[in-house]
Amino acid sequence: DVQQIFSVAPPILSRAIQELAQGMVKYHDASKIARVPLPFPYMQTMEAFLVFHWIVTPFLTSMWVRSLLWTPVLTFIQVFFFWSLNSIACELENPFGEDVNDLPAQ
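Residue indices begin from 1 for each chain and proceed along its sequence in written order. Where totals are concerned, whole chains, interfaces and linings use all residues; where local detail is concerned, this predicted model gives features only for residues with pLDDT of at least 70, and gives and counts side-chain atom pairs only at 80 or more. Excluded from the side-chain calculations are hydrogens and water; all other atoms, namely the structure's heavy atoms, are used.

Some details on the overall build of the protein chain
For the protein chain, the count of helices and strands is three helices and zero strands. In sequence order, the secondary structure elements of the protein chain are arranged as α-α-α. What you see for the protein chain is a C-alpha radius of gyration of 25 Å, clearly larger than the 13 Å of a compact globule of 106 residues, by over 25%. Judged by the C-alpha coordinates and their principal axes, the protein chain covers about 90 × 30 × 20 Å. Within the protein chain, the proportion of its 106 residues that are buried is 13%. Look at the contacts in the protein chain between residues 6 or more apart in sequence, and 49% of them connect residues 24 or more apart. What sets the accessible areas is the Shrake-Rupley method with a 1.4 Å probe; for residues, cover comes only from the shown protein chains. For the protein chain, the computed accessible surface area is about 9200 Å², with 71% contributed by carbon and sulfur atoms. What counts as a helix is a DSSP run of H or I of at least four residues, what counts as a strand is a run of E of at least two, and both are numbered from the N terminus. Atoms counted for the radius of gyration: C-alpha only. Globule rule: 2.2 Å times the number of residues to the power 0.38. Relative accessibility decides the category of a residue: with a 1.4 Å probe and only protein chains considered, values under 20% of the type maximum give buried, values over 50% give exposed, and everything between is partly exposed. The contact definition used throughout considers only heavy atoms, calling two residues in contact when any of these lie within 4.5 Å.

Some details on the packing of aromatic side chains
Note on ring pairs: Phe, Tyr and Trp rings are taken, using the six-membered ring of Trp, and paired if centres are within 6.5 Å. Classes follow the plane angle, with under 30 degrees stacked, over 60 edge-to-face and the rest tilted. By the definition in use, this model includes two aromatic pairs. Both rings, one in F76 and one in F80, keep their centres 5.6 Å apart while their planes meet at 20°; by these two values the pair is stacked. Remark: F80 and F76 occur in helix α3 (residues 70-93); sequence separation between them is four residues, near one turn of the helix. Judged by centre distance (5.7 Å) and plane angle (65°), the rings of F81 and F82 are edge-to-face. Judged by its relative accessible area of 48%, F81 is partly exposed.

Quick look at the environment of F76
For F76, a relative accessible area of 54% corresponds to the exposed category. Residues F76 and W54, 22 residues apart in the sequence, show an inter-C-alpha distance of 9.1 Å.

Let's talk about the pattern of salt bridges
Any two side chains of opposite charge can pair if their charged atoms end up close together. By definition, a salt bridge exists where a carboxyl oxygen of Asp or Glu is found within 4 Å of a side-chain nitrogen of Lys or Arg. Following the criterion strictly, the structure yields two salt bridges and no others. A salt bridge links E19 to R15; its shortest N-O distance comes to 3.0 Å. With E19 and R15 both in helix α1 (residues 10-35), this residue pair falls four residues apart, about one helical turn.

Here it is in structure tokens:
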């Protein structure tokens, strides 16, 4: 009498093992991407452009909008949006780690 290790049909078991193998391939692909950071000069250039944008935007907005109330509001929204995108990009650059928003896999 032969004992069965798994009580499922062989095609289903084969498919389950294939899915696990694909998961490991995707995991290793993600870890390769996480190990290659953005170049340091690129990040410094982006920070410099954001600071330049932060300085220039109030003057350009004041020429575009005549209201003293709307100028700081629109400037804040625009600058906040770009700095938020930069922060999200910095967080996505290294998704694995021990921080609160990081993925636990390494």
